[in-house]
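Here is how the chains run, residue by residue.
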Amino acid sequence: MKNKTKLISLFVVFTMIGCDLDVDNPNSLLEDDLADPSAAAALANGAWNASLRGITYMMMPHAVATDESVWIGSRDAWYQIDKGGMTNVYNEFVDQAWPYISEGRWMSDKAIAVLEGLGTDLPDSDDLVLSYLTGAMVRVYIADMFEDFVYSDKTEAGTPIGAANMSQLYDEALALLGKAQSIATGDNAVRVLSLIARTKHAKAVWGKVNPVNTASPYVSAGASEAASAAALMSADWKWRMNFSSSTVSNYMSGQINDRQEMDLFQNALVETATPGAGGDPQPNDPVTGLLDSRMSASAAEFRAGGGGTQWAPVTITSLREMHLIIAESEKAGGNDAGCLAELNALRSLDSLDPYPSGTDAGTALQHERRANLFLQSRRLSDMYRFNLTSTVWDAVEKSPAGSYFPITISEIRANPNISQ
């Protein structure tokens, strides 16, 4: 792109001050200026924040499609998703998210290309690691949430990846993480390793929902990487998306905490007015019989909004998820006792009583995933593969099990390579 970025929104009428406006604006930038080594950190962080914004724009429709969040507001397009309708290319909120998630993918790839091109002129290799992590992360979320996708390059239209080929995004993510792993140090090394475990597990889960396989839903993938990552993690370690007034906001946080278009768990007022429409209740812990304290804590933190209404943090990977990946690998391999042992190690983080021997390992694993991955966009695939439903889903709107969000109408209309 050769056009200068528009950085001035208001001009003073020059006849009032009698000055010559034929001067260079020192704040104007060309795309070629991004190749300046001094811009490396800004480019890496810009791609990171663009990706966070795009991901949370998709996390909201994903959450309201599950039993984690319920529509309580006034916008009918949310109603459709809340009822389980996933495939409408005209849905305004998925269509609204499309340019943001696409921008995050493009920006992360741009950052990688530019920073790799700097070679030995790169001031700080951590900026390249961040770009690799961003490019990998945004691909994983896209593959988790979309039925199909397309990589376009500004005005150059791309071709659809194809629903049958979406698992290749996990492979692309792993390739980027392999590059990151060779240069990452300190906390970044832990982030890379944990995201490798998460990506390998997510790819295996994708295989269980394309097509949906409820007869054999458990996967054994990413466990060795999860164990290696867990060994490097401090107690209850979390890698998080953080938001602020000086960076970008969390769209999901804004919709729930600010606009109150959605709520977490069952909304009593809606439920009382229309039984069955108020969402899914918060589950009880299977051992204590009380409301699950992990979900209560996560919900309270989210509702706090990160100190406002729109800045609630989102966990990307965690020690908790590493335990869950290892536990599921044990379950998939037929070692129920090993699965329960790993889940009990997870429960010890919250000083919760362990599952007693003889507990059904599959039921326990399913609950622990729900409790410890709340609002992290893992839930819909789990609901599909574990044959679970939301009380809000109905036969009229609900899409078939295994349905995810489509390429939306704005891209269809703009892209000559796509026919509706």
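Residues numbered from 1 in each chain as written. Predicted model: local features only at pLDDT ≥ 70, side-chain atom pairs only at ≥ 80, totals over all residues. Heavy atoms only, no water.

### Considering the side chain of Arg-370
As for its placement among the helices and strands, Arg-370 is situated in helix α14 (residues 361-372). Under the relative-accessibility criterion, Arg-370 is labelled buried at 15%. Among residues more than four places away in sequence, those in contact with Arg-370 are Asp-67, Asp-280, Pro-281, Pro-283, Met-295 and Arg-379. (Helix = DSSP H or I, 4+ residues; strand = E, 2+ residues; numbered from the N terminus. Buried < 20%, exposed > 50% of the residue type's maximum accessible area, 1.4 Å probe, protein only. Contact = heavy atoms within 4.5 Å.)

### Describing the packing of helix α6 (residues 168-181) against helix α7 (residues 186-209)
Axis angle and axis distance: for two packed helices, these are the angle between their axes and the distance between the axes, and together they describe the pair. The interhelical angle for the contact between α6 and α7, taken along N-to-C directions, is 165°, at an axis separation of 10 Å. Between α6 and α7, the angle is such that the two are roughly antiparallel. For α6 against α7, the interelement crossing comes out left-handed. In contact with Tyr-170, Asp-171, Ala-173, Leu-174, Leu-177, Ala-180 and Gln-181 of α6, α7 contributes Val-192, Leu-193, Leu-195, Ile-196, Thr-199, Lys-200, Ala-202, Lys-203 and Trp-206. Of the residues assigned to the contact of α6 with α7, the class counts are 11 nonpolar, two polar and three charged. (Axes fitted to C-alpha atoms, helices over the stretch in contact; angles between N-to-C directions. Parallel < 35°, antiparallel > 145°, perpendicular 65-115°, else oblique. Left-handed = near helix turned anticlockwise from the far one by under 90°. Nonpolar A, V, L, I, M, F, W, Y, C, P; charged D, E, K, R; others polar.)

### What about the pairing of strand β4 (residues 314-318)?
For β4, a buried count of five out of five residues is recorded, marking the element as mostly surrounded by other parts of the structure. As paired strands, strand β2 (residues 238-241) and β4 are joined by four bridges and run antiparallel to one another. Looking across to β4, one finds that Trp-239 is bridged to Thr-317. (Pairing = 2+ DSSP bridges.)

### A few points about the packing of aromatic side chains
Counted according to the given criterion, the structure contains 12 aromatic pairs. Measuring from centroid to centroid gives 4.2 Å for Trp-78 and Phe-93, while their planes differ by 10°, and the two rings are stacked. Taken as a pair, Trp-78 in helix α3 (residues 76-82) and Phe-93 in helix α4 (residues 92-118) lie far apart in primary sequence, 15 residues in all. A centroid spacing of 5.5 Å and a plane angle of 90° characterise the contact between Tyr-384 and Tyr-404, whose relative ring orientation is edge-to-face. Of this pair, Tyr-384 sits in helix α15 (residues 379-385) while Tyr-404 is found in the loop between α15 and α16 (409-414), placing the two residues 20 residues apart along the sequence. Neither Tyr-384 nor Tyr-404 differs from the other in exposure class; each is buried. Across the ring face of Tyr-151, the terminal group of Arg-105 is positioned such that the distance to the ring centre comes to 4.4 Å. In this structure, Lys-398 packs its charged tip against the face of Trp-393, placed 5.0 Å from the ring centre. (Phe/Tyr/Trp six-rings, centres within 6.5 Å; stacked < 30°, edge-to-face > 60°. Lys NZ or Arg CZ within 6 Å of the ring centre and 35° of its normal.)

### Things to note about the pattern of salt bridges
If the charged atoms of two oppositely charged side chains come close together, the side chains can form a pair. Counted under the stated rule, the structure contains 27 salt bridges. Across the pair Arg-379 and Asp-67 runs a salt bridge, and its minimum N-O distance is 2.9 Å. Here Arg-379 is found in helix α15, whereas its partner Asp-67 is found in the loop between α2 (40-64) and β1 (69-71), with 312 residues between them in sequence. The salt bridge partner of Glu-368 is Arg-347, with a shortest N-O separation of 3.0 Å. Here Glu-368, found in helix α14, pairs with Arg-347, found in helix α13 (residues 336-347); they are 21 residues apart in sequence, far enough to count as distant. Given a relative accessible area of 0%, Glu-368 falls into the buried group. Because the salt bridges share partners, they merge into one network encompassing Asp-285, Asp-292, Arg-294, Arg-347 and Glu-368. (Salt bridge = Lys/Arg side-chain N within 4 Å of Asp/Glu carboxyl O.)

### Description of the environment of Leu-128
Mapping Leu-128 onto the fold places it in helix α5 (residues 125-145). With 87 residues separating them along the chain, Leu-128 and Ala-41 place their C-alpha atoms 8.7 Å apart. If near-sequence neighbours (up to four positions away) are discounted, Leu-128 is found in contact with Ile-112, Leu-115, Glu-116, Leu-122 and Ile-183.

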